[in-house]
Every structure is written in C-alpha cells, then in structure tokens.
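Structural description and commentary
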Amino acid sequence: MKNQPSWPEADAKLFLQAMHEVGSMGGIADVEPITIEMMESIQNFVLKSSIDLNHLKGIAPADLPGKISDQKKREQLLQILILLPYVDMKVDPRMVEIVDKFAEHLEIHPNTIKDLHRVRDNHLKRLLLDYGRRSLGEFLGLDSAPKVIKGVITMFHQAIGDKGVSERYQQLESYPEGSLGHTVFHWYRDRNWALPGEKKSTSELLLNHDCCHILGGFNTDVQGEMNVAAFQAGLFDDGFGFESLLEVILDFHLGKAFSTVGDIIPPSTGAFHPNDAMAGYEKGLACNVNLIRDLNFWSEADQSVFTLREKFNIPASSGPLLIKP
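Everything quoted here is computed from the prediction, not taken from an experiment.

Cut-off values and rules
Residues numbered from 1 in each chain as written. Predicted model: local features only at pLDDT ≥ 70, side-chain atom pairs only at ≥ 80, totals over all residues. Heavy atoms only, no water. Axes fitted to C-alpha atoms, helices over the stretch in contact; angles between N-to-C directions. Helix = DSSP H or I, 4+ residues; strand = E, 2+ residues; numbered from the N terminus. Parallel < 35°, antiparallel > 145°, perpendicular 65-115°, else oblique. Left-handed = near helix turned anticlockwise from the far one by under 90°. Contact = heavy atoms within 4.5 Å. Nonpolar A, V, L, I, M, F, W, Y, C, P; charged D, E, K, R; others polar. Core = buried A, V, L, I, M, F, W, Y, C linked by side-chain atoms within 4.5 Å. Buried < 20%, exposed > 50% of the residue type's maximum accessible area, 1.4 Å probe, protein only. Phe/Tyr/Trp six-rings, centres within 6.5 Å; stacked < 30°, edge-to-face > 60°. Lys NZ or Arg CZ within 6 Å of the ring centre and 35° of its normal. Disulfide = S-S within 2.5 Å. Expected span 1.5 Å × (residues − 1).

**Here we look at the packing of helix H2 (residues 33-47) against helix H13 (residues 274-286)**
As a packed pair, H2 and H13 sit with axes 9 Å apart at the nearest point and diverge in direction by 30 degrees. The orientation of H2 with respect to H13, classified from their angle, is roughly parallel. Our pair here, H2 against H13, has a crossing hand that is right-handed. Along its contact with H2, which presents Ile-34, Glu-37, Met-38, Ser-41, Ile-42, Asn-44, Phe-45 and Val-46, the element H13 presents Pro-274, Asn-275, Met-278, Ala-279, Tyr-281 and Glu-282. Residues of the contact of H2 with H13, tallied by class, amount to nine nonpolar, three polar and two charged.

**Describing the nonpolar core**
If you look at the biggest cluster of nonpolar residues, it comprises 63 residues, and the most contacted ones within it are Met-19 and Tyr-86. Counting residues per element, this core draws most heavily on helix H3 (residues 71-87), which supplies nine residues. Ranked by size, the runner-up nonpolar core spans 34 residues in total, among them Val-165, Trp-187, Leu-195 and Leu-207.

**Some points on the environment of Pro-325**
Here Pro-325 is to be found in the segment after helix H16 (305-311). Separated by 134 residues in sequence, Pro-325 and Arg-191 have C-alpha atoms that sit 6.3 Å apart. When neighbours within four sequence positions are excluded, Pro-325 is seen to be in contact with Asp-190, Arg-191 and Asn-219.

**Describing the packing of aromatic side chains**
Describing an aromatic ring pair means giving the distance of the ring centres and the angle of the ring planes. Here the structure, examined in full by the defined rule, presents eight aromatic pairs. A centroid spacing of 5.5 Å and a plane angle of 55 degrees characterise the contact between Phe-218 and Phe-231, whose relative ring orientation is tilted. Here Phe-218, found in the loop between helix H10 (207-216) and helix H11 (222-235), pairs with Phe-231, found in helix H11; they are 13 residues apart in sequence, far enough to count as distant. Of the residues examined, Phe-218 reaches a relative accessible area of 8% and is grouped as buried. Phe-231 gets classed as buried once you look at its relative accessible area, which sits at 0%. One aromatic cluster is present, formed by Tyr-169, Phe-297 and Trp-298 through successive ring pairs. Taking the ring centre of Trp-298 as reference, the NZ or CZ of Arg-168 above it sits at 3.9 Å.

**Some thoughts on the state of the cysteines**
A complete count under the given rule lists zero disulfides for this structure. The cysteine Cys-211 is free of any disulfide, with Cys-212 supplying the nearest cysteine sulfur at 7.4 Å.

**Re unusual backbone geometry**
A positive phi is found at Met-25, a non-glycine position, where the angle reads about 55 degrees. Here Met-25 lies in the loop between helix H1 (9-23) and H2. Taking the relative accessible area as the measure of exposure, Met-25 reaches 12% and is therefore buried. With phi around 70 degrees, Met-89 is a residue other than glycine that occupies positive phi space. When you line up the elements, Met-89 lands in the loop between H3 and helix H4 (93-106).

**Observations regarding H2**
Given 3.6 residues per helical turn, the α-helix brings residues three or four places apart onto the same face. Counted at 1.5 Å a residue, the expected span for H2 with its 15 residues is 21 Å, and the 20 Å between its end C-alpha atoms agrees. Every buried residue of H2 is listed here: Thr-35, Met-38, Met-39, Ser-41, Ile-42, Gln-43, Phe-45, Val-46 and Leu-47. On its buried side, H2 packs onto H1, H3 and H13. Residue Lys-48 follows H2 closely and has a positive phi angle near 55 degrees.

Read these as geometric descriptors, not functional statements.
Set out below in structure tokens:
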C-alpha cells in the first residue's frame, strides 16, 4: 500500500500497547469496549496482526521511541492515538494527557494534536477557523490568496447558475452506463442535488470528494460520510486526512455541529463504528493516488468505475455500483 508502513508482529504489539496505554489513561482505568473494538479494527485493517488483546498491557510513552524509529510508523501510530479520546465520545483530559506524552517523546506535533486540545477545551470556533484555512489549500486546492479569491468567485457564480458549466455536466447522462461520468450524473440526480453550474449547486470544488464516495463505495448518509472521511484519511500522507476525519467525527459522533449545514445532514452522535471506519481507512491506504488532490475527473469520466478501481488499486466494493440514497 502506498501510504502503509509494514508492521511486523513485534512492532504491531508496541502499537497496540500504546493504544492500551491511552485507553486505560496510563493504567488507572478500564479500557472502554469501543476502544477495544478500535484496537481490534486496527489489528485487522492496519497491522494485519493477531495479537491476544486479553492480556495486553500498556507501554510508557518514554519507552516507545527507542523501539520504533521509523518516522512513517511514528506518524501513523500517533494519528491513531489522537483518535482514541474521541472514540468513547468523552475526550477525557486524562486520556489527552497520555496522548500528549506520546507526541512529546515521539517528537511529532501534528495539527491534529492542536485540534484535540481545542476540542478538549471546547474552543471549536478557533478550531473551525484554523481547519477551514488549512482545508482551503489541502482539500480544495486553494493554496494562495489569488486562488482563494478565484475559488470563491467560481463557487458563487456556479451557485447562481452557469449555463456553460451546467450543460457540460448534463451531458454526462449520455456517457456509457457504468462509467464514472454517467454514475456521477445519476448520483446527483438520485439525491436531488444540483449539478455544478446549475442553480444552488456546490460547484466543482467538491466533485473529487463525490468521486471518492463512488469509487470507494460509500453512501452519502451519516455512516457513509464517516467512512469516506476515513478513506480520505488514508489518501493523504501529510496528516491532513485525519483532520478531515476529525471534522466528521465532531459532527456525527460527538454531535458538536462543528461544520455541518443543519438542513443538509443534521449533527448526530455515535456514528463512528471502528470496523467500518478502519475498513474505509484501509481502502484509502491502498489507493495509489490521492483522489482529492490528483484525480482529473474529465480525463477519467468515460472510464468504467470498475476499471478505475483497478487502476487506482481501490479494493472492490460489495455494494451496487450506483448506491441509492
């Protein structure tokens, strides 16, 4: 897998011990059932190990760096540890403190650590501002002031209606059945969404995200949004994918109404199911291209979705090609 380091059994055990250390808050609490489920999911979809969790003990943060020196492994491990305080929906400061110690000793300080602190302290407006700024560049490709201005103008223009753009997308109906373009057309129509360029559309900037839904086999309900966010976490090799997963966790697992537009999908709680999310993450890790940044839709629109899954090394989906809302 492009973004997946190898975890031999001994290293996999260290990974799980670190998760246990966080989940048990340094050994002072019982590990919650959903955290154990998360550990099992990490075994199945990331580590590919079969370690007995029943007698597993934690590892002190200071003891870990000398045993895992590979930077990629350190980064992946820490990002998973950062997820754990969210998983049981409590964001317990004691658990966050253990995560901080691991980050300190591993000498890694990603933005997701800052995000975790802001959720712990209930500084969501500040988090939203910073995340929104970073997502403009990472997720939407608007990584400079001129691009931001042009992007905003384009979004506004397409939202009020752009006949030239809308006609181009409406022509996707005539593309071969089963092609990415034909599927995108019906994906939008089935959901009563405006195509890019049609009045009240969300513009082309979100098209690659919608293609992730289709190519990865994820619906657009709460569960589908959670799992496609985990898929995207596997696509990015710089940690930003975990930030976009955090956005969805805040909306649909913690019910924080972080960034969801209430009249589209209202915030809710308990939507992070470790097995489903980590299965999505594994698919993203396997993908040989970052579909958010690098997919050229119009170059691939006439190609079969099944062909594109093979081309991009996306594991097969058991669901129908065109998932109904």
